[in-house]
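Structural features, examined
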Amino acid sequence: QVQLAESGGGVVQAGGSLRLSCANSGRTVGTYAMGWFRQAPGEDRDFVAAISGDATVTYYTDSVKGRFTISRDNAKNSLYLQMNSLNSEDTAGYYCALRTDICAGCVYSVETDYNYWGQGTQVTVSS
């Protein structure tokens, strides 16, 4: 089974940086596609970034391109999101997700494509 837990959120000033982590403490067979989503207060949960199981493919929503970097360390069963040049519109709860499929080089940006989710970590950008 998969057990995901996010960490690294907090309060930062506009223009600052944060690095989010997502640890999988459960058991999996091989590696799987993973992604980050975020949900601002009173709004829907939106796609942020995705990475393939073999880490050869990444994909980002337009609003974070050039500012955010998704990466993974499969030896540590961990997913990361490096966030730079943060602004107030980045304020949200951030969630990591995992899709259990067999396509090592595939990425997914639709919420319903993912099977497992973490509990979320809050990012607040002050201005």
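Residues numbered from 1 in each chain as written. Predicted model: local features only at pLDDT ≥ 70, side-chain atom pairs only at ≥ 80, totals over all residues. Heavy atoms only, no water.

Okay, the overall build of the protein chain next. When helices and strands are counted, the protein chain shows zero helices and 11 strands. For the protein chain, the N- to C-terminal ordering of α and β elements is β-β-β-β-β-β-β-β-β-β-β. Across its three principal axes, the protein chain shows a C-alpha extent of roughly 45 × 25 × 25 Å. Taking contacts inside the protein chain between residues at least 6 apart in sequence as the whole, the part at least 24 apart equals 60%. For the protein chain, the accessible surface area stands at approximately 6500 Å², while carbon and sulfur atoms represent 44% of it. (Helix = DSSP H or I, 4+ residues; strand = E, 2+ residues; numbered from the N terminus. Contact = heavy atoms within 4.5 Å. Areas by Shrake-Rupley, 256 points an atom, 1.4 Å probe, with all protein chains shown as cover.)

Scanning the model with the defined rule gives two disulfides in all. Between Cys22 and Cys96 runs a disulfide, and the two sulfur atoms are separated by 1.9 Å. Disulfide Cys22-Cys96: the torsion about the S-S bond is 50°, which places it as right-handed. Of this pair, Cys22 sits in strand β3 (residues 18–24) while Cys96 sits in strand β9 (residues 92–99), placing them 74 residues apart in sequence. Both residues of the pair, Cys22 and Cys96, belong to the buried class. Here Cys103 pairs with Cys106 through a disulfide, and the sulfurs are 1.8 Å apart. The chirality of the disulfide connecting Cys103 with Cys106 is right-handed, given an S-S dihedral of about 65°. Residue Cys103 is classed as partly exposed on the basis of its relative accessible area of 29%. Here Cys106 falls in the partly exposed class, since its relative accessible area comes to 25%. Each bonded cysteine of the protein chain is numbered by sequence order, and under that numbering the disulfide pairs are 1-2, 3-4. (Disulfide = S-S within 2.5 Å. Buried < 20%, exposed > 50% of the residue type's maximum accessible area, 1.4 Å probe, protein only.)

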